[in-house]
Amino acid sequence: MSGPVTFPMTMFALMRSIVPEPMSSSVVHVAVGVVRNPQGDILIARRPAHVHQGGLWEFPGGKVEAGESLQLALQRELHEELDIDIVQTRPLIRIPHRYPDKQVLLDVWLVEAFNGVPHGKENQPIEWCSPAELWSRPFPAANRPIIQAVNLPEKYLITGNFTNEAEFIRKLDAALKRGVWLVQLRVKSMKNNAYAALAKIATEVCHEHGARLVLNANPAVVEKVGADGVHLTSERLMALSSRPLGLNKLVGASVHNQAQLEQAGRLNIDFSVISPVFPTPSHPNVKTLDWHGFQQLTEQATHPVYALGGMQAEHLSEVWQYGGQGIAAIRSLWK
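Scope of this entry: the structure provided in the associated data block.

1. Some words on the sheet that holds strand E9 (residues 182–185)
Item 1. Taken together, eight strands build a closed barrel; the order of strands is E8-E9-E10-E11-E12-E13-E14-E15 and the barrel is parallel. Strand after strand, the sheet turns through a mean of 25° between neighbouring axes, direction not considered.
Item 2. Relative to E9, strand E8 (residues 155–158) runs parallel, the two sharing two bridges. If you follow Ile158 over to E9, its bridge partner there is Gln184.
Item 3. Across the sheet, helix H9 (residues 290–298) lies against strand E13 (271–274) and strand E14 (305–308), angled at about 160° from E14, the strand it touches most.

As structure tokens, then:
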């Protein structure tokens, strides 16, 4: 190893700041590394047949030992399993999960740079997969939110104002060229037929750029226009008794409190948007969560979450520190 590991120590401290206390001794705290190479592929390993969840694929990592810090546990596990040393990493997601025989807390970090050439140091098979290919592999149930987090971007655009179809297409095209690749079509003032027609156009534009579009509308419209999923308002979320679309489509939801977050978990949605973190010009006097309230909710989430409300690109590092997937925004991303 050429030098000290550059772990962002404040991030680890912040991620620990509101873990429910005391943590039950029956909860297994696991440090997990999602190792990504410069091409964007993700490293996975197959579990030995004789261990818990044996034969399934997994992201490398292991149990945080008593008296061991999270950062040292992650470094130790990746060195023992893959013979690599971490150079750069950031938080990805924390997942509480209950199996029939045990309860685990997966502390997942995205390893963006490392020293060494990964290999199965314990004779375990390893492979590099594209993020999309991960869905075709058998993983433990607790790993599904990790795969979703790997496949979701750090920025989620919610469409804003426009005066006509030409301006809408111009603004959408510009946002996609700036690197946005997940879009929510939100046009509250539009009637059903006009919305469906615009959704069809927006779907085509997004797909031309390799981006995905979710509709803030009745889930039936998604199938009609060929969009990639639905975004549920908090009202629609609370009215449902089951997931509205199959697993081949994205389902997101707006969440403002613990009850809505728990409902999102029951419906097995793919991501939620927690708001409002900060005030916005359109809602200046609304009660906000601030970072502390945002983190209180992310700590309980079993899926990736975005922060909404006054978010700018420069907030990304703080969102990651507090357990979020990234930022959702209208003004700063719609331009």
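Don't stop here, the text continues.
2. A closer look at the layout of surface pockets
Item 1. If you add up the space inside the largest pocket, you get close to 1,100 Å³.
Item 2. Surrounding the largest pocket, 40 residues form its lining, Arg186, Ser282, His283, Leu308 and Ile330 being those nearest its centre.
Item 3. If you list the elements that add at least two residues to the lining of the largest pocket, you get helix H7 (234–239), strand E15 (326–329) and helix H11 (331–334).
Item 4. Tallying contributions element by element places H11 first for the lining of the largest pocket, with three residues.
Item 5. Looking at side-chain class alone, the lining of the largest pocket contains 15 nonpolar, 20 polar and five charged residues.

3. A few points about the packing of aromatic side chains
Item 1. Tallied over the entire structure, the rule returns nine aromatic pairs.
Item 2. A connected cluster of aromatic rings, assembled from ring pairs, spans Phe278, Trp291, Phe294 and Tyr322.
Item 3. We note Arg90 situated over the ring of Trp320; from NZ or CZ to the ring centre the distance is 3.7 Å.

4. Examining the side chain of Ser234
Item 1. One can find Ser234 in helix H7.
Item 2. Engagement of the side chain of Ser234 in a polar contact is seen with the side chain of Glu235, the distance being 3.4 Å.
Item 3. Once residues lying within four places of it in the same chain are set aside, the contact partners of Ser234 are Ser254, His256 and Gln260.

5. Looking at the pairing of strand E11 (residues 229–232)
Item 1. Residues Gly229 and His231 line one face of E11 and the alternating positions Val230 and Leu232 line the opposite face, and both faces are buried.
Item 2. Of the pairings in the sheet, the one linking strand E10 (residues 212–215) to E11 comprises two bridges and is parallel in character. Bridge pairing in E11 links Leu215 to Val230.
Item 3. Crossover E10 to E11 through helix H6 (residues 219–225) is right-handed.
Item 4. Across four bridges, the pairing between E11 and strand E12 (residues 250–255) is parallel. From the neighbouring strand, His231 faces E12, where its bridge partner is Gly252.
Item 5. Handedness of the crossover is the feature at issue here: the chain leaves E11, passes through H7, returns alongside E12, and the resulting connection is right-handed.

6. Quick notes on the sheet that holds strand E3 (residues 57–58)
Item 1. If you walk across this open sheet you meet the three strands as E3-E2-E7, and the pairing is antiparallel. Both edges of this open sheet fall to E3 and strand E7 (126–129), since each of them pairs with a single strand only.
Item 2. For strand E2 (residues 42–46) and E7, the ladder comprises four bridges, and the chain directions are antiparallel. Residue pairing for E7: Ile42 is matched across the bridge by Cys129.

Rules used in this analysis
- Residues numbered from 1 in each chain as written.
- Predicted model: local features only at pLDDT ≥ 70, side-chain atom pairs only at ≥ 80, totals over all residues.
- Heavy atoms only, no water.
- Pairing = 2+ DSSP bridges.
- Helix = DSSP H or I, 4+ residues; strand = E, 2+ residues; numbered from the N terminus.
- Axes fitted to C-alpha atoms, helices over the stretch in contact; angles between N-to-C directions.
- Contact = heavy atoms within 4.5 Å.
- 1 Å grid on protein atoms, 1.4 Å probe; cavity = no way out; pocket = protein on both sides within 12 Å on 5 of 7 lines; lining within 4 Å.
- Points joined across faces, edges and corners; volume = space filled by probe spheres on them.
- Nonpolar A, V, L, I, M, F, W, Y, C, P; charged D, E, K, R; others polar.
- Phe/Tyr/Trp six-rings, centres within 6.5 Å; stacked < 30°, edge-to-face > 60°.
- Lys NZ or Arg CZ within 6 Å of the ring centre and 35° of its normal.
- Polar contact = N/O pair within 3.5 Å; in protein donor to acceptor, adjacent residues only side chain to side chain.
- Buried < 20%, exposed > 50% of the residue type's maximum accessible area, 1.4 Å probe, protein only.
- Right-handed = clockwise from strand over helix to strand, strands pointing away.

By themselves, these figures tell us nothing about what the structure is for.
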